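Working through the structure, step by step
What follows is each chain in one-letter form.
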Amino acid sequence: MDETMSGNGSWGATDITVDSSSEGSGKLAAEAVLGDAAEPAAEPAPDESADAPAFTYEGVRAAVTANRANTLALLGCLRAVSEPRPFREAEAAVGESRAMALTMQTPHALYGILLKCGAVEAITVPEGEAPEAGAPESLAEPGADIAEAAGADIAKAAAPASLPDQPVDYLLHITDLGRMALAEFEPTKRFEELLAGEPAGYADAYGCVLACCETGASKAVIERALAGHEALSHPKQIYPGYFISKLETVDGISWDGVWRTTEAGRRMVALLA
């Protein structure tokens, strides 16, 4: 549209043309405005601290008790790292324990369970402090491969006696949550709780089994030691295997070809005196 100034100073239209493209341009502009309004606002930067797992004792307890076959071995893993310890050394120590006879997991997988629930922490070793001779590549993230192994049923493997040419990579150390688990599942405490829920006559039968296993005993020997014991028939009929199983569960005896009284079992004998 062309406009000219009139004599009285007012603007007047002298030539008006309609551009057919103006309507389309207006629509495009309107759509652009609406598009800008509809575009979502930029999301704030994520808070990296929110990614840190929130470990709880309930989670630790659930992990320790999820599979009874793993319980004693997991508790042994916790005791093995009461002080920061190279992970290979800790795994080798646990691999030699009698509790490994109960579980189908390797020490590596057991520590994975404990890392995943927060009962154990992995401490990175500064690169300059790790041995270099014959050293394979360090883990990109301490404990990462262990955590992935947690929950997998892996055939047990014997730990090497010594690992002189391998790097430390990282240390394993029990956390406060792990210490809480050791306190709750302390063997003599569990034995006291077991006795509290059993008939009074069972205590003597447990003492008989613990004494019998002091120098090592087969199941047949234990059965003969308990033959005719009142606890087998009162208040109901049970078998010697009941006492063997219960004592094994609380770490009073362990199997290494024969049943043997453990250090914790000797403390249990003192409770029965």
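The structure under discussion appears in the preceding block.
Keep in mind it's a predicted model, so treat the numbers as computed, not measured.

Turning to unusual backbone geometry, a few remarks are in order. Geometrically, the link from H234 to P235 is a cis peptide bond, its omega value of 5° lying close to zero. Of note, P235 is situated in the loop between α10 (219-226) and α11 (240-249). Positive phi is not limited to glycine here, since D251 has a value of about 70°. Relative to the helices and strands, D251 resides in the loop between α11 and β6 (253-255).

Moving on to the packing of aromatic side chains. Any pair of aromatic rings gets described here by the distance separating the centres and the angle formed by the planes. All chains considered together, the criterion is met by seven aromatic pairs. Aromatic side chains F191 and Y206 sit 5.8 Å apart centroid to centroid with 85° between the ring planes, which places their arrangement in the edge-to-face category. One end of the pair, F191, is in helix α8 (residues 187-196); the other, Y206, is in helix α9 (residues 202-212), and 15 residues separate them in sequence. Its relative accessible area of 0% is what places F191 among the buried residues. Given the relative accessible area of 0%, Y206 is considered buried. With 5.3 Å between their ring centres and 75° between their planes, Y202 and F243 make a pair best called edge-to-face.

So, about the environment of F87. You can see F87 is positioned in helix α4 (residues 87-95). Along the chain, F87 and Y170 lie 83 residues apart, while their C-alpha atoms are 6.4 Å from each other.

What follows covers the pattern of salt bridges. Per the stated rule, a full pass over the model turns up nine salt bridges. Put simply, R88 and D169 hold a salt bridge, and the shortest N to O gap is 3.5 Å. With a gap of 81 residues between them, R88 in helix α4 and D169 in the loop between α6 (144-149) and β5 (170-174) connect regions that are remote in the sequence. Each member of the pair, R88 together with D169, is buried. Look at the salt bridges and you will find they share partners, linking R98, D256 and R260 into a network.

Turning our attention to the pairing of β5. β5 sits mainly inside the fold: five of its five residues count as buried. Side chains Y170, L172 and I174 project from β5 onto one buried face, and the interleaved L171 and H173 project onto a second face that is buried too. Pairing of strand β3 (residues 85-86) with β5 involves two bridges; the strand directions are antiparallel. Considered in β5, the bridge of P86 is made with L171. Relative to β5, strand β4 (residues 120-124) runs antiparallel, the two being bridged by five bridges. Looking across to β5, one finds that A122 is bridged to L172.

All right, on to the nonpolar core then. Core analysis: the largest hydrophobic core is formed by 31 residues, its most contacted members being V60, L78, Y111, L114 and L172. Looking at which element gives the most residues to this core, the answer is helix α3 (residues 68-80), with seven residues. Ignoring any residue separated from it by four or fewer positions in sequence, one finds L114 in contact with L74, C77, L78, A119 and V120. The next biggest cluster of nonpolar side chains, apart from the first, holds 23 residues, and it includes L194, Y206, F243 and V250.

Further remarks concern the side chain of H173. Within the secondary structure, H173 sits in strand β5. Exposure remark for H173: the relative accessible area of 14% places this residue in the buried category. The residues touching H173, leaving out its near neighbours within four places in the chain, are V81, S82, E83, P84, V120, E121, I123 and R179.

Calculation criteria
Residues numbered from 1 in each chain as written. Predicted model: local features only at pLDDT ≥ 70, side-chain atom pairs only at ≥ 80, totals over all residues. Heavy atoms only, no water. Helix = DSSP H or I, 4+ residues; strand = E, 2+ residues; numbered from the N terminus. Phe/Tyr/Trp six-rings, centres within 6.5 Å; stacked < 30°, edge-to-face > 60°. Buried < 20%, exposed > 50% of the residue type's maximum accessible area, 1.4 Å probe, protein only. Salt bridge = Lys/Arg side-chain N within 4 Å of Asp/Glu carboxyl O. Pairing = 2+ DSSP bridges. Core = buried A, V, L, I, M, F, W, Y, C linked by side-chain atoms within 4.5 Å. Contact = heavy atoms within 4.5 Å.

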